[in-house]
Amino acid sequence: MAVVVFHVLAILPRLASQVATLPPGTTEMDDVAGTVRRVQRLLVLLNTVCCLAILGCLGVLSTSDGWFALGLTLCLGVALLCRASSSRLTAVVAALLLSGLAGLGALVLRVPDRLSGLDLPGWSGPLALVIVGVVVLWAGLVMAFRSSLQQVDFGERWRWPGSFGAFLGAVSVPLAAGVFGVLQALLDAGRGL
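Just so we're clear, the structure is a prediction, and the values are computed from it rather than from any experiment.

Enquirer: In this structure, what is going on with the side chain of Ser 62? I would like to understand it.
Expert: You can see Ser 62 is positioned in helix α2 (residues 29-62). Of note is the side chain of Ser 62, whose polar atom sits 2.9 Å from the backbone oxygen of Gly 59. In this view, Ser 62 contacts Leu 70, Thr 73, Ala 106, Leu 107 and Arg 110; residues no more than four positions away in its chain are not counted.

Put into C-alpha cells, the structure is as follows:
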C-alpha cells in the first residue's frame, strides 16, 4: 500500500487543481483567489492523509524481519524526503518530511537488531537517531536563516532530488514485490525448470 500511495502523491497536485477549478465563464479575480485557496487546502489535506498512510505502512515495514521490507522502508523514506523538495506549500513539505524522517527513524531504531554480526549494542540505534536529528535540525536552521537573509528564487533550487525521488519510487516497486514473496516465488519457479 505504501508504494501505491507514494505514487498517488505524484498526481495529487493535478488532481487537486481539477477538483477545485473555476466554473466555466467566471474569470473575476475574487473567484481566482478563492479557487487557489481551495486547491491549496485540498492539496494539503490529501497530502496529509497520504503521508499518514505511508507513515503507518513504513512503521509496519520497519518491524519486519525481511531485508526487502527494510530496503523498501529505506527507499520510500528517502524518496519522501526528495519529494518534499519539489513542493512550495509549507504544510505539504512538513507532512512529507515528517513521514519520511519518521520512517527512516523507525528503520534506524531497528537496524542494530538486524546487524547481529557486528555486535552493536541496543542503544546504538537511538544514539544514531539523535545524532542524525541534531545534524538535520542544525542544517535546517542554517538554511532557514540563510534564506531569510537573502531572496532565493524557486528557479535556483536543486533539480536532482525530484529525479532521484522518482528513481527511488520506481525501485520501490520490485522491493514491494520482494516483500510479498513474488521474487522468491519466481526464483523457486526458475529452479524447477
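Enquirer: Just to check I follow, could you spell out helix α1 (residues 2-19) for this structure?
Expert: For an α-helix, 3.6 residues make a turn, and residues three or four places apart therefore share a direction. In this model, α1 (18 residues) spans 24 Å end to end at C-alpha, consistent with the 26 Å of a helix rising 1.5 Å per residue. In α1, a bend of some 50 degrees at Ile 11 exceeds every other bend along the element, and Pro 13, a proline, comes one to four places later.

Enquirer: Just checking my understanding: could you explain the packing of aromatic side chains for this structure?
Expert: For any pair of aromatic rings, the description consists of the separation of the ring centres together with the inter-plane angle of the planes. Here the structure, examined in full by the defined rule, presents one aromatic pair. Relative to Phe 167, the ring of Phe 164 lies with its centre 6.4 Å away and its plane at 25 degrees, an arrangement referred to as stacked. Here Phe 167 and Phe 164 lie together in helix α6 (residues 160-179), a separation of three residues that amounts to about one turn. The ring of Phe 6 is capped by Arg 83, whose NZ or CZ atom sits 4.4 Å from the centre of that ring.

Enquirer: Looking at this structure, how should I read the nonpolar core?
Expert: Inside soluble globular proteins, nonpolar side chains tend to come together where they are buried. In this structure, Phe 6, Leu 9, Ile 54, Leu 72, Leu 76, Leu 80 and Leu 96 are the most contacted members of the largest nonpolar core, which totals 29 residues. Secondary structure elements with two or more residues in this core: α1, α2, α3 (67-84), α4 (90-114) and α6. The leading source of residues in this core is α2, at eight residues. In contact with Leu 80, not counting residues within four places along its chain, are Phe 6, Leu 9, Ile 54, Leu 58, Leu 96, Ser 99 and Gly 100.

Enquirer: Looking at this structure, I do not really get the environment of Gly 125. What am I missing?
Expert: Examined against the element boundaries, Gly 125 turns out to sit in helix α5 (residues 124-149). In this structure the C-alpha to C-alpha distance between Gly 125 and Leu 109, which are 16 residues apart in sequence, comes to 4.6 Å.

Cut-offs and rules
- Residues numbered from 1 in each chain as written.
- Predicted model: local features only at pLDDT ≥ 70, side-chain atom pairs only at ≥ 80, totals over all residues.
- Heavy atoms only, no water.
- Helix = DSSP H or I, 4+ residues; strand = E, 2+ residues; numbered from the N terminus.
- Polar contact = N/O pair within 3.5 Å; in protein donor to acceptor, adjacent residues only side chain to side chain.
- Contact = heavy atoms within 4.5 Å.
- Expected span 1.5 Å × (residues − 1).
- Bend = angle between axes of the 7 residues up to and from the residue.
- Phe/Tyr/Trp six-rings, centres within 6.5 Å; stacked < 30°, edge-to-face > 60°.
- Lys NZ or Arg CZ within 6 Å of the ring centre and 35° of its normal.
- Core = buried A, V, L, I, M, F, W, Y, C linked by side-chain atoms within 4.5 Å.
- Buried < 20%, exposed > 50% of the residue type's maximum accessible area, 1.4 Å probe, protein only.

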